[in-house]
Amino acid sequence: MSELTKMVRGRALSVHHPDRLYFPESGWTKMDVMNYYEAVWPYLQPHLQKRPVTWRVFPQGIHGFSFYRRDAGKNSPPLARSFPYRERSKEKTIRLLVVEELYTLLWLVARGGLEYHLWACTIEDLEHPDWAVFDLDVSEGTPFGKLLEVSLLLREELEGQGHLVLAKTFGGTGMHLYVPLSSKRPFEEVRLWVKGLAVKLADKRPDLILSPDLQRKTHWGDKVAIDYAQNARGKNTAAPYTLRARPGAPVSTPLSWEEIEQGGFVPSDFNLSTLPERLKKVGDLFLV
């Protein structure tokens, strides 16, 4: 089948090549991806509201070429909101897209949009983040249990300072911890705060956590890196419930602290097939 028309909340959406294999190892097609995003939309939508999105496009599936987009440009979803943004590095103005409706999201998916990444600020204030992001990363082959251990150490430190901490899988090998920020602080101040905590924990557990000063080295061994650099304007991290372009269609999945304490799972357990049913049982674990 080369094309079909899908009705989305009363609006017609043309889908080209709906049977194109996006995840060949699992046999999942573009239409399976669209059905996934439609199923999780009630949980994904609150996290997309008022927040700039960067999306990654895979026209031929996960093993084909890909590219990132954050400029809505001329070819943008009809009736979708976008806002002007002056890029400092390139000295040009682009239009940031905000995904507010299911039609907008599925319009992007129909054109190969597979992954969705969010800024740590809202469109209303691009200079001050409302999240602090702790991006936990490891080398391939490092036991996932080490990430869970570092997540618990970070949680203990942050809750000791009076902060709420939310956790989710990256969708690959890593983890993301988020701290909601109630007061306005510039990105640089937040970034330095996150780095300071990373240094503190690396000094406390050098056997487990890589010093931030060594994170740009090629070989990390089996230590966990706490990347603070994501706390900058224009940077973005995987949205809760976004698919990732890896075999098995893993999903960036919010976790409860009870799950993290118990362990016994790996990120690939949360995927296109399992997430809709999980959400029916546990709901959105990423709400403040």
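No experiment lies behind these values; they were computed from the predicted model shown.

With that out of the way, let us pick up the packing of aromatic side chains. Describing an aromatic ring pair means giving the distance of the ring centres and the angle of the ring planes. All told, the structure shown has 11 aromatic pairs when counted by the stated rule. Where Phe23 meets Trp28, the ring centres are 6.5 Å apart and the plane angle is 75°; that geometry is what we call edge-to-face. Trp28 carries the same exposure label as Phe23, and that label is buried. Aromatic ring contacts, followed pair by pair, group Tyr36, Tyr37 and Tyr116 into a single cluster. Its end group placed over the ring of Tyr103, Arg11 keeps NZ or CZ at 3.8 Å from the ring centre. One cation-aromatic arrangement involves Arg244 over Phe170; the distance from NZ or CZ to the ring centre is 4.3 Å.

With 77 residues, the main nonpolar core has Tyr37 and Phe134 as its most contacted residues. Element by element, the count of residues in this core is highest for helix α1 (residues 30–48), at 9 residues. Setting aside chain neighbours within four positions, we find Tyr37 in contact with Leu44, Leu102, Leu105, Leu106, Val109, Leu114, Glu115, Tyr116, Tyr241, Thr242 and Leu243. Formed by 15 residues, the second largest nonpolar core is a distinct cluster that contains Leu96, Trp119, Ala120 and Ile123.

A sheet is described by the order of its strands in space; here 4 strands give the open sequence β6-β5-β9-β15, paired in antiparallel fashion. Looking at strand neighbours, the two that pair on one side only are β6 (67–69) and β15 (236–238), the edges of this open sheet. Averaged over all pairs of adjacent strands, the angle between their axes in this sheet comes to 35°, without regard to strand direction. In this fold helix α2 (residues 102–110) packs onto β5 (53–57) and β9 (113–119), with an angle of close to 130° to the strand it touches most, β9.

Definitions and cut-offs
- Residues numbered from 1 in each chain as written.
- Predicted model: local features only at pLDDT ≥ 70, side-chain atom pairs only at ≥ 80, totals over all residues.
- Heavy atoms only, no water.
- Phe/Tyr/Trp six-rings, centres within 6.5 Å; stacked < 30°, edge-to-face > 60°.
- Buried < 20%, exposed > 50% of the residue type's maximum accessible area, 1.4 Å probe, protein only.
- Lys NZ or Arg CZ within 6 Å of the ring centre and 35° of its normal.
- Core = buried A, V, L, I, M, F, W, Y, C linked by side-chain atoms within 4.5 Å.
- Helix = DSSP H or I, 4+ residues; strand = E, 2+ residues; numbered from the N terminus.
- Contact = heavy atoms within 4.5 Å.
- Pairing = 2+ DSSP bridges.
- Axes fitted to C-alpha atoms, helices over the stretch in contact; angles between N-to-C directions.

Keep in mind these numbers describe shape, not what the thing actually does.
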